[in-house]
Amino acid sequence: MVTKKPEKSAEAIVGCSTDRRAEQKKRKGTLSFVNEAAPEKRVETLKVDLWAGRRKRTGTRVNGANVPAGEGKSNPENHPRMEAVVERQNLLRALAAVERNQGAAGVDGVSTRELRPLLRSRWAEIKASLPAGTYQPAPVRRVEIPKSGGGRRLLGIPTVVDRLIQQAVHQVRSPIWDKNFSAHSYGFRPGRGARDAVKAAQSHVQSGKRWVVDMDLEKFFDRVNHDVLRARVARRVQDARVLKLIRRYLQSGVMVGGLVEARTEGTPQGGPLSPLLSNILLDDLDKELEGRGHTFCRYAEDCNIYVRSKRAGERVMASVGQLLLSGGSEGSV
């Protein structure tokens, strides 16, 4: 893989907000040749501008076919209820994970070391509110961290209680969703990581596919459309209480300068559910690329497609750009 990437400005609109005509931004992708003997040297870079316009999402298409909203609902085993989330052993595993990961406190200032004492006094009330569908998450605390390539990355830090609940949901839902994710997706998945993505990329290059279409879906986490995401989550969640809880986490708001700002889009990085939700949203793109016979690797919002010639790369860039802009699967990539 190419080790040095251009400025990341290829923000995709897969699932992004449809009401930002005044804030349209230029998207860019790059097509690069990988010199196997010296992969750090790019022979040529081709930039293609992708423009995101206002559009309506009336449905989702996978491999050219419309996917019904209730896809996968026929098997009850694929749809554990809220009771599975609050089951004692699942919660103990979630508690251990939150304490092990530590991390900063949320808007209430409670640290992971203070979580157990807090649960002793409040857990009966919280546990009862989850199956009842009345639990209301706290806003996340906004934190900005520098990115290695420049700029700032926005994080949303949930309270430790909300991290516990999100982790409990993740543990119940992730094994069900993960088994259907693409084999070409490597980010935020059990038993997979960046090294696996690098090995796969090296294998693709060694097979003769040295032209790389490099897509970076800039600000993807910040621009996720809640309606689109909730529709895709609903394909495999029957329990309305779980759906409501996920919706409330998406819309819980952000604390900035002591004031809570409403959130109508985005799934801020920082909570246990965010990586899973991003993979759910981008899985349709993976399936589309698979259906068109592409060789690719995706790690979170970074996706590389490997082809054998510059001409093929130009064709792929143009058609994938149209795919991202339209949300459909017309044409040939």
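These numbers come from a predicted model, not from an experiment.

Definitions and cut-offs
- Residues numbered from 1 in each chain as written.
- Predicted model: local features only at pLDDT ≥ 70, side-chain atom pairs only at ≥ 80, totals over all residues.
- Heavy atoms only, no water.
- Helix = DSSP H or I, 4+ residues; strand = E, 2+ residues; numbered from the N terminus.
- Buried < 20%, exposed > 50% of the residue type's maximum accessible area, 1.4 Å probe, protein only.
- Contact = heavy atoms within 4.5 Å.
- Areas by Shrake-Rupley, 256 points an atom, 1.4 Å probe, with all protein chains shown as cover.
- Phe/Tyr/Trp six-rings, centres within 6.5 Å; stacked < 30°, edge-to-face > 60°.
- Lys NZ or Arg CZ within 6 Å of the ring centre and 35° of its normal.
- Pairing = 2+ DSSP bridges.
- Axes fitted to C-alpha atoms, helices over the stretch in contact; angles between N-to-C directions.
- Salt bridge = Lys/Arg side-chain N within 4 Å of Asp/Glu carboxyl O.
- Expected span 1.5 Å × (residues − 1).
- Bend = angle between axes of the 7 residues up to and from the residue.
- Core = buried A, V, L, I, M, F, W, Y, C linked by side-chain atoms within 4.5 Å.
- pLDDT = per-residue confidence, 0-100.

## As for the overall build of the protein
A tally of regular secondary structure across the protein gives nine helices and 11 strands. When burial is assessed residue by residue, the protein has 50% of its 333 residues classed as buried. For the protein, long-range pairs separated by at least 24 residues make up 75% of all intrachain contacts whose partners lie at least 6 apart in sequence. For the protein, the exposed area adds up to about 16300 Å²; of that, 49% sits on carbon and sulfur atoms.

## Some points on the packing of aromatic side chains
According to the stated counting rule, one finds one aromatic pair in the structure shown. The side chain of Arg192 reaches across the aromatic face of Tyr186, ending 4.8 Å from its centre.

## Topic: unusual backbone geometry
Phi is positive for Gln102, which is not a glycine, with a value near 55°. Here Gln102 shows up in the loop between helix H2 (88-101) and helix H3 (115-132). You can call Gln102 exposed: its relative accessible area is 52%. Its identity is not glycine, yet Ala300 carries a phi of approximately 55°, on the positive side. On the accessibility criterion, Ala300 (5% relative accessible area) is buried.

## Focus on the sheet that holds strand E8 (residues 254-256)
Pairing in this open sheet of four strands is mixed, and the strands run E6-E5-E8-E9 from one edge to the other. What marks the edges here is a single partner per strand, and that holds for strand E6 (152-157) and strand E9 (259-261). Within the sheet, the average angular offset between the axes of one strand and its neighbour, ignoring direction, is 45°. The pairing of strand E5 (residues 140-146) with E6 spans six bridges and is classified as antiparallel. In the strand pairing of E6, Glu144 is matched with Leu154.

## Details of the pattern of salt bridges
By the definition in use, this model includes 11 salt bridges. Across the pair Arg298 and Asp286 runs a salt bridge whose closest N-O atoms are separated by 2.8 Å. Placement of the pair is Arg298 in strand E10 (residues 295-299) and Asp286 in helix H8 (residues 273-291), with a sequence separation of 12 residues. Summarising the burial analysis for this pair, Arg298 and Asp286 share the class buried. Each member of the salt-bridge network shares a partner with another, and the members are Arg81, Glu83, Asp239 and Arg241.

## Overview of H8
Under the 1.5 Å per step criterion, the end-to-end length of H8 is 28 Å for 19 residues, consistent within 8% with the ideal 27 Å. Of all the bends in H8, the largest measures some 40° and sits at Leu282. The element H8 is largely enclosed, with a buried count of 16 among its 19 residues. Residue Gly293 follows H8 closely and has a positive phi angle near 80°.

## Examining the side chain of Gln166
Looking at where Gln166 falls in the secondary structure, it is placed in helix H4 (residues 160-178). Filtering out sequence-adjacent residues up to four positions away, Gln166 remains in contact with Pro158, Tyr249, Gly271, Pro272 and Leu273.

## Digging into the nonpolar core
Core analysis: the largest hydrophobic core is formed by 39 residues, its most contacted members being Leu130, Tyr135, Ile165, Val233, Leu245 and Leu277. Only helix H1 (82-85), H2, H3, H4, helix H6 (226-234), helix H7 (240-250) and H8 provide two or more residues apiece to this core. A per-element tally of this core places H4 first, with eight residues. Discounting residues that sit within four places of it in the chain, Ile165 has contacts with Ile126, Leu130, Tyr135, Leu245 and Tyr249. One finds Trp211, Leu282, Leu289 and Val307 within the second-largest nonpolar core, a separate group that totals 14 residues.

## With respect to the pairing of E5
Pairing geometry for E5 and E8, over two bridges, is parallel. Each residue of the ladder has a partner; that of Arg141, found in E8, is Met255.

## Details of the confidence of the model for the protein
Here the protein averages 75 in pLDDT, and 69% of its residues register 70 or above. When the elements of the protein are averaged for pLDDT, strand E3 (residues 61-62) gives the smallest value, 35, and H2 the largest, 95. The low-confidence segment residues 40-74 (pLDDT under 50) makes 98 contacts with residues lying over four places distant or belonging to another chain. Every residue in residues 328-333 scores below 50 in pLDDT, and together they form 20 contacts with partners more than four places removed in sequence or on other chains.

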